[in-house]
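Here is what each chain is made of, one letter per residue.
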Amino acid sequence: HWRPALALRDAVTCMVRGNIFTDNDGFGIVVCDRATPTLEGNSLRGNRQPAIWFGGSSGGRACGNAIEAIAGHGIVVCGSASPEVEGNVVAAPAGACGLPVRATL
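Residues numbered from 1 in each chain as written. Predicted model: local features only at pLDDT ≥ 70, side-chain atom pairs only at ≥ 80, totals over all residues. Heavy atoms only, no water.

Student: What exactly am I supposed to notice about the side chain of Asn-88 here?
Tutor: Relative to the helices and strands, Asn-88 resides in the loop between strand E11 (84-86) and strand E12 (89-92). Overall, the relative accessible area of 0% leaves Asn-88 in the buried class. At a separation of 2.9 Å, a polar atom in the side chain of Asn-88 contacts the side chain of Asn-65. (Helix = DSSP H or I, 4+ residues; strand = E, 2+ residues; numbered from the N terminus. Buried < 20%, exposed > 50% of the residue type's maximum accessible area, 1.4 Å probe, protein only. Polar contact = N/O pair within 3.5 Å; in protein donor to acceptor, adjacent residues only side chain to side chain.)

Student: Would you mind showing me how to read the nonpolar core here?
Tutor: Within soluble globular proteins, side chains that are nonpolar generally end up buried alongside one another. Ile-29, Val-31, Leu-39, Leu-44, Ile-52, Phe-54 and Ile-67 are the most contacted members of the largest nonpolar core, which totals 17 residues. With near-sequence residues (within four places) excluded, Ile-29 lies in contact with Leu-6, Leu-8, Phe-21, Leu-39, Leu-44, Ala-51, Ile-52 and Trp-53. (Core = buried A, V, L, I, M, F, W, Y, C linked by side-chain atoms within 4.5 Å. Contact = heavy atoms within 4.5 Å.)

Student: Could you clarify how one ought to interpret the sheet that holds strand E5 (residues 38-40) in this entry?
Tutor: In a beta sheet, neighbouring strands pair by backbone hydrogen bonds and run either parallel or antiparallel. Sheet architecture is open: four strands sit in the order E2-E5-E8-E11, paired in parallel fashion. The outermost strands of the open sheet, each flanked by one partner alone, are strand E2 (15-17) and E11. Taking each pair of neighbouring strands and ignoring which way they run, the sheet shows an average axis angle of 5°. As judged from the three bridges shared by E5 and strand E8 (residues 61-63), these two strands associate in the parallel manner. Within the sheet, the bridge partner assigned to Glu-40 lies in E8 and is Cys-63. (Pairing = 2+ DSSP bridges. Axes fitted to C-alpha atoms, helices over the stretch in contact; angles between N-to-C directions.)

Student: Help me understand the sheet that holds strand E1 (residues 6-8) in this model?
Tutor: On the basis of which strands lie adjacent, the open sheet formed by four strands has the order E1-E4-E7-E10 and parallel pairing. In this open sheet, the two strands that pair with only one neighbour each are E1 and strand E10 (75-77). Adjacent strand axes in the sheet meet at a mean angle of 10°, parallel and antiparallel pairs treated alike. Looking at chain direction, strand E7 (residues 52-54) and E10 are connected through three bridges and run parallel. Considered in E10, the bridge of Ile-52 is made with Ile-75.

Student: When you look at the state of the cysteines in this model, what are you seeing that I'm missing?
Tutor: Two cysteines whose sulfur atoms are joined by a covalent bond form what is called a disulfide. This structure, assessed with the given rule, holds zero disulfides. Here Cys-32 stays unpaired: no disulfide links it, and the sulfur of Cys-78, its closest cysteine neighbor, is 9.9 Å away. (Disulfide = S-S within 2.5 Å.)

Written out as structure tokens, the structure reads:
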């Protein structure tokens, strides 16, 4: 399934907490337009596209999420988006250099 597991758009404001998103061929969570959600304590694993993507003029907060074994980027912020991103753990499998990547954002 290439579509996002969860898409938050328009002017939505909500809390997305404690969910498990696994093995999606598309994005994990997409936040666009003027949406300002709080994404907290979610587990995203095995996505082929970015696990969390903020675009348009979205905002909100992504904190304490665990992102693992992804083929794409962990968290992408583009356009005029301005979310607060903190305390997320991104762990990717070994890349071209043969070393696993782990970062806290």
